[in-house]
Each structure stands twice: as structure tokens, then as C-alpha cells.
Amino acid sequence: MLDLNYVRENLDQVRSKLQSRGVPGAALEDFAQADSERRRLIAESDRLNAQRNAASREIGSLMKEGKRDQAEGRRAEVNTLKRQISELDQSRDASEARLHDMLAALPNIPDDSVPVGKDDAENVEVRRWGTRPEFHFAPQDHVDLGTSLGILDLERAAKLSGARFSILNGAGARLSRALVNFMLDVQTCEHGYGETLPPFIVNADALFGTAQLPKFEEDLFKLTDERGLYLIPTGEVPVTNYHREEILDASALPVKFAAYSPCFRSEAGSYGRDTRGIYRQHQFEKVELVKLTLPEESFTELESLTHDAEMILQKLGLHYRVVEHVTGDLGFQAAKSYDIEVWLPSYNEFKEISSCSNCTDFQARRAQIRFRRAGRTKPEFVHTLNGSGLAIGRTWIAILENFQQENGSVTIPEVLRPYMGGMEAIRRQGQ
């Protein structure tokens, strides 16, 4: 959530920044009007309070002087003022609630370093790593490969749960588990993240804290009982909220978490080729990276977080590129973001496998995650960062498609073989 005082004092700049994200300027006009009305109500309430206090003091003096009739007249005035003040305070509360709702609906302000652009077609490529595989045969996509190898079953998954669910079997299931363990080992042992295993069901406060609520409720799976709980759409939600409503010591920052979790999304409005196979599903798995940092260090930490996610692809030997989001393609809570896109032969293009974002103090303000510097009494908001390190299913796809062989087998990257019991390849039965 944006800071009310910052928006008020920098209205034109905020309007310009948000318009670069595609937010209509009228949204800020409504804010200005609501804020002006709130300040008017506060000023009027303060004026009447001053009158009431003066009248109350006068009542005491009149009573001492034996002027009961005048004192009773002042009491009647005080009671009238109390009613008027109460009405003004109710209006002020309603105005503040309206302002809160307006701020909750506004996205984060893009950092000055973010390129201005309309949508993802204008995102800027930053770097590439590796080379795309060359095939001397017609390569298959992961659905045909997985089905022929007996490690992917979409038909029975649909029978159990409907469209956009999958069942992984045998070496396919083991490959998924190997990827989770490998990614967690790299991030915890080599990059200094602390492993955590969060709840996979959260309350509305947690989702508000990371800004999935209220704007993106239609993309969530909500439980139907009276508790108002939701399945998590990403591990970012419970992990970022770990220190919600806490004040940390500055010396403890940065806090770095790595977490495995399943994720659940309705994917409302998604369609087309991305819905074939397991690229875009209602249930999927990720290893999530989350950082809580000092404000002055957050953009440096974003670069290192992105590097940490990239290292997984480098160790696996998968060709990828990093692109920077333009203003019009930033996620709602992000001030600056990079996508890591892996090469998928079936698409003949790069496809997103991780998004790494600096949310500055946007989420921390909503979740009330603060820190205190040594020798200072006033706490400040941390900056929060997150990124996939990586999406398990999409990494699974990339391995099948990039390391497939002409005979239909799939070579296992060397770094994964210890996690696969020494298995060097996934082969059809009888090969």
C-alpha cells in the first residue's frame, strides 16, 4: 500500500508514475477529493472541539458565580456540539475508510530505473545464458514425451479433478521431487537462505498483506467454511507474512527465506496454448525465495536474488534469458521486476520460469513489517522481495523438452542424478 502522506505531498508525480502503469488519472482525482474532504472534516471537528472545551470551562465559572441559568444554556450548547462532533467524526471515519480502500486498490509506484512501456511486448532483454539445443529429429513437446514415457497422466487427473491438473508417475514424480530438493539445497547451502515450510492455507489478512486481496480474489481458491481461509496462490504469501505486525532489529536484516510449497490458482481468463500440458495449471509447485531488507539495500538484493534463481538453470544447463519488465507489465505490488525465461523447444521461444520483484515498502506497509535502527526510536518499514527459485513444473517441462533424445528418452542433468538414485536417463519401458 502506498503511503498516504507521500501520495498527498507528491500527487502529480504519483499520478504520472501510475499512469505509466496504465492506471487512469481519475483514480488520483478521486483520491484528492476524498483527502480534501477528510481534512475538512478534521478541521471542522477540531474547531467544534475547541468551542466545546471553551464552553465546558465557562460552565464551571458560571456555576461558581451562581449563574445556573446561563450554565444550563452552555450545557445545552455543549451537548449540541458533542452531537455535531460525533457526526463529523463518523463522516471522517467513513472518509478515511474510503481513502484506505482507494490506496488498497492502487498498485506500487515504479522505480525510476524501470523502462516506460505499455505491456510485455516492450519488456527489455537484459542478458542470455547458454545456447539453445539443436535437434536432428522432430522434437516432441512435454505432453507427448511424458505420455509416451509413462510419467505423465493428464486423462486420469482430469477424471479426478477436472482440466488443468496432472498426475506424475514413476521417474516423472521422482524428477519433480529431485528438483525440489536440488533447488532447496542450492539456495540454503550455497546462497544462505533459511529453509522454511509454511502453511498452505492462509487467512485474508495474509493475502491483503502481500496484495492478492482485494484486487485478485477471483484468482484464489477460497474454502467454504466460516473461517474465511484460502489456499495459497504462491509461497510468497505465507513466507512474506512470517514477520507480519512485528518490529525487527536492523542488524537482523536481510532475512532470507527459501520455501517449497504447492500453489493453487483459478487462472481466471487464461486460455490458449499455455493451457496444454502442465505449463499453466490450477495446482503447481515452486521453491519460493523471499527477502526482507533494509530500504537502501533492496535493489542490490534484487540483483542477487535474480542471480540466485538463475544459478539453478545454469547448473541444470538450460538456455535462458532475463528480461526487465516495463512499467505497464509490472505486477501490482512490484516497483521493479525481472522475468527469467527458459527456452522451450515446443514453443520455439523463451517462456517464463521465474519472476523476481522488489516490492519496496508496499507489502510491508500493508502487513506492518517494520524494523528499528540502532539508537533510533521510530521504526521504519522493511522492503520485501520475492522470486521463484524456480517453478518446479516448468523446470520439469524444460528438462524433458531440452534433453530429449531421438529414441524418446530424456537425459537427466548431471546435478540431478544424485537426487535420482544415479539414474542417467528416463526411458520407455523395455528400452
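My aim in this report is to walk through the structure given alongside it, one point at a time. Just so you know, the residues in each chain are numbered from 1, in the order the chain's sequence is written. Side-chain atom pairs in this predicted model are given and counted only at pLDDT of 80 or more, local residue features only at pLDDT of at least 70, and totals for whole chains, interfaces and linings cover all residues. Note that the side-chain values use all heavy atoms of the structure and ignore hydrogens as well as water.

Some details on the nonpolar core
We call a set of buried Ala, Val, Leu, Ile, Met, Phe, Trp, Tyr and Cys residues a nonpolar core when their side-chain atoms join them within 4.5 Å. Relative accessibility thresholds used throughout: buried, under 20% of the residue-type maximum; exposed, over 50%; partly exposed, between the two (1.4 Å probe, protein chains only). Ranked by internal contacts, the top residues of the largest apolar core, which has 49 residues, are Leu 175, Leu 179 and Trp 396. To qualify as a helix, a DSSP run of H or I must reach at least 4 residues; to qualify as a strand, a run of E must reach at least 2; elements of each kind are numbered from the N terminus. In terms of residue count, the dominant contributor to this core is helix α7 (residues 170–190) (nine residues). Not counting residues within four places of it along the chain, the set of residues in contact with Leu 179 comprises Leu 316, Ile 392, Thr 395, Trp 396, Ile 399 and Leu 416. The criterion used for residue contact is that any of the two residues' heavy atoms lie within 4.5 Å.

Remarks on the packing of aromatic side chains
In summary, the pairing rule links any two rings of Phe, Tyr or Trp, Trp by its six-membered ring, whose centres are within 6.5 Å, and it sorts them by plane angle into stacked for under 30 degrees, edge-to-face for over 60 and tilted for everything else. In the structure shown here, the tally under the stated rule is eight aromatic pairs. Ring geometry for Trp 129 versus Tyr 320: centroids 5.9 Å apart, planes at 15°, classification stacked. Placement of Trp 129 in strand β1 (residues 124–129) and of Tyr 320 in strand β10 (residues 320–324) is noted, with a sequence separation of 191 residues between them. Judged by centre distance (5.8 Å) and plane angle (75°), the rings of Phe 332 and Phe 362 are edge-to-face. Placement of Phe 332 in the loop between β10 and β11 (336–344) and of Phe 362 in helix α11 (residues 362–367) is noted, with a sequence separation of 30 residues between them. This pair shows no difference in class: Phe 332 is buried, exactly as Phe 362 is. Among the aromatic side chains, those forming a connected cluster through ring pairs are Phe 216, Phe 332 and Phe 362. Residue placement shows Lys 256 over the ring face of Tyr 193; its charged tip is 4.6 Å from the ring centre. Lysine NZ or arginine CZ positioned within 6 Å of the ring centre and within 35 degrees of the ring normal marks a charge as sitting over the ring. When the ring centre of Tyr 279 is taken as origin, the NZ or CZ atom of Arg 394, which lies over that ring, is 3.8 Å away.

As for the pattern of salt bridges
In what follows, salt bridge is the name for a side-chain nitrogen of Lys or Arg lying within 4 Å of a carboxyl oxygen of Asp or Glu. All told, the structure shown has 29 salt bridges when counted by the stated rule. Two residues, Asp 35 and Arg 8, come together in a salt bridge whose shortest N-O distance is 2.7 Å. Taken as a pair, Asp 35 in helix α3 (residues 26–64) and Arg 8 in helix α1 (residues 4–9) lie far apart in primary sequence, 27 residues in all. Taking relative accessible area as the criterion, Asp 35 reaches 2% and is therefore assigned buried. The partner of Lys 286 in a salt bridge is Glu 288, and the shortest N-O contact between them spans 2.8 Å. You'll find Lys 286 and Glu 288 in the same group, each marked buried. Taken together, the shared-partner salt bridges in this structure form one network comprising Arg 8, Asp 35, Arg 38, Arg 39 and Glu 96.

Focus: the sheet that holds strand β13 (residues 369–372)
Hydrogen bonds between backbone groups are what pair the strands of a sheet, and the pairing can be parallel or antiparallel. Strand pairing is assigned whenever DSSP detects at least two bridges linking the two strands. The three strands are arranged β7-β13-β14 in an open sheet whose pairing can be described as mixed. A single partner strand is all that each edge strand has here, and the edge strands are β7 (246–249) and β14 (380–381). Examined bridge by bridge, β7 and β13 share four bridges and lie parallel to one another. What sits directly across from Glu 246, in β13, is Ile 369.

Topic: the pairing of strand β8 (residues 255–264)
In terms of burial, β8 is a largely internal element, eight of the 10 residues being buried. Pairing analysis gives 10 bridges linking β8 to strand β9 (residues 283–293), with the strands arranged antiparallel. Paired with Lys 256 across the two strands is Lys 291, which belongs to β9.

Here's the deal with the sheet that holds β8
One open sheet accounts for eight strands, arranged β1-β10-β11-β12-β15-β9-β8-β4; its pairing is mixed. Looking at which strands have only one partner, the edges of the open sheet turn out to be β1 and β4 (194–196). Ignoring strand direction, the axes of neighbouring strands in this sheet form an average angle of 25°. Both strand β12 (residues 349–358) and strand β15 (residues 383–391) contribute to a ladder of three bridges, which runs antiparallel. The residue of β15 that forms the bridge with Cys 356 is Gly 387. In the packing of helix α10 (residues 298–316) onto the sheet, the strands contacted are β1, β9, β10, β11, β12 and β15, and the crossing angle to β15 comes to about 5°. Lines fitted to C-alpha atoms define the axes here, with helix axes fitted over just the stretch in contact, and angles between the N-to-C directions of these axes take values from 0 to 180 degrees. Running at roughly 35° to β15, helix α12 (residues 392–402) makes contact with β9, β11, β12 and β15 of the sheet.

Digging into the packing of helix α5 (residues 142–149) against α12
Two numbers describe how α5 lies on α12: the axes approach to 9 Å, and their chain directions differ by 80°. Relative to α12, the element α5 lies roughly perpendicular. Judged by residue contacts, His 142, Leu 145 and Gly 146 of α5 engage Trp 396, Ile 397, Leu 400 and Glu 401 from α12. A per-class count over the contact of α5 with α12 returns four nonpolar, two polar and one charged. Geometric relationships in this document are graded by angle, where less than 35 degrees denotes roughly parallel, more than 145 denotes roughly antiparallel, 65 to 115 denotes roughly perpendicular, and other angles denote oblique. Residue polarity is assigned by list, with Asp, Glu, Lys and Arg as charged and Ala, Val, Leu, Ile, Met, Phe, Trp, Tyr, Cys and Pro as nonpolar; anything else, Gly included, falls into the polar class.

Any functional reading would require information that these geometric values do not contain.
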